Amino acid sequence: QVRLVESGGGLVQAGDSLRLSCAASGRTFSSYGMGWFRQAPGKEREFVAAISWSGGSTYYADSAKGRFTISRDNAKRTVYLQMNSLKPEDTAVYYCAASTARGTHVFVNEYTYWGQGTQVTVSS
């Protein structure tokens, strides 16, 4: 069993930055592929970024490329999402997810464990 707790969300202005953190419990964190997803009101949950178990491979949605960076610290059992140049369309609840497979994964059903989410609101 893995428990994921996100933090770092908030209300910012367009162009600002935020860093989201996801702290995980469980000894097998370092063997999981991790991802960030987001869900805006009235929309489906969408993929943002993923990172492999070692951190050696990352993958981003087109909307995140060049602005967001996913990273992980296995010693701290934490995965991060650095978000720069935020836009109002980035407003959503951001979720951290863990996959029992080690690679990078983009689909919701590839992830087994989910956090409760953290709200990110970007004002124009």
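Quick look at the structure, then.

The rules behind these values
Position numbers for residues start from 1 in each chain and track the written sequence from start to end. For a predicted model such as this one, the threshold for reporting local features is a pLDDT of at least 70, and the threshold for listing and counting side-chain atom pairs is 80 or more; totals across whole chains, interfaces and linings nevertheless cover every residue. Note: side-chain values were computed over all heavy atoms of the structure, leaving out hydrogens and water. The way it works is that DSSP assigns letters per residue, a run of H or I at least four long becomes a helix, a run of E at least two long becomes a strand, and they are numbered from the N terminus. Residues are treated as being in contact if the distance between any of their heavy atoms lies within 4.5 Å. Any two strands with at least two DSSP-identified bridges between them are counted as paired. Axis angles are defined between N-to-C directions and span 0 to 180 degrees, where every axis is a line fitted to C-alpha atoms and, for a helix, only to the segment in contact. For each residue, the accessible area found with a 1.4 Å probe, counting protein chains only, is set against the maximum for its type, and the residue is called buried under 20%, exposed over 50%, and partly exposed in between.

## Some remarks on the side chain of Ser 21
Thinking step 1. Positionally, Ser 21 belongs in strand S3 (residues 18–24).
Thinking step 2. In this structure, Ser 21 is in contact with Val 5, Glu 6, Ser 7, Trp 36, Thr 78, Val 79 and Tyr 80, ignoring residues within four places of it in sequence.

## Observations concerning the sheet that holds strand S7 (residues 68–73)
Thinking step 1. The strand order across the open sheet formed by four strands is S1-S3-S8-S7, and the pairing between neighbours is antiparallel. Whereas interior strands pair on both sides, the edge strands pair on one side only; in this sheet they are strand S1 (4–7) and S7. Taken over all neighbouring pairs, the strand axes of this sheet differ in orientation by 15° on average, direction set aside.
Thinking step 2. Two elements, S1 and S3, share four bridges in a ladder whose sense is antiparallel. Opposite Val 5, over in S3, you have Ala 23 as the bridge partner.

## Brief notes about the pairing of S3
Successive residues of a regular strand alternate their side chains across the two faces of the sheet.
Thinking step 1. Burial of S3 is extensive: five of the seven residues sit out of reach of the surface.
Thinking step 2. Of the strand pairs in this sheet, S3 and strand S8 (residues 78–83) are connected by six bridges, and their pairing is antiparallel. The residue of S8 that forms the bridge with Arg 19 is Gln 82.

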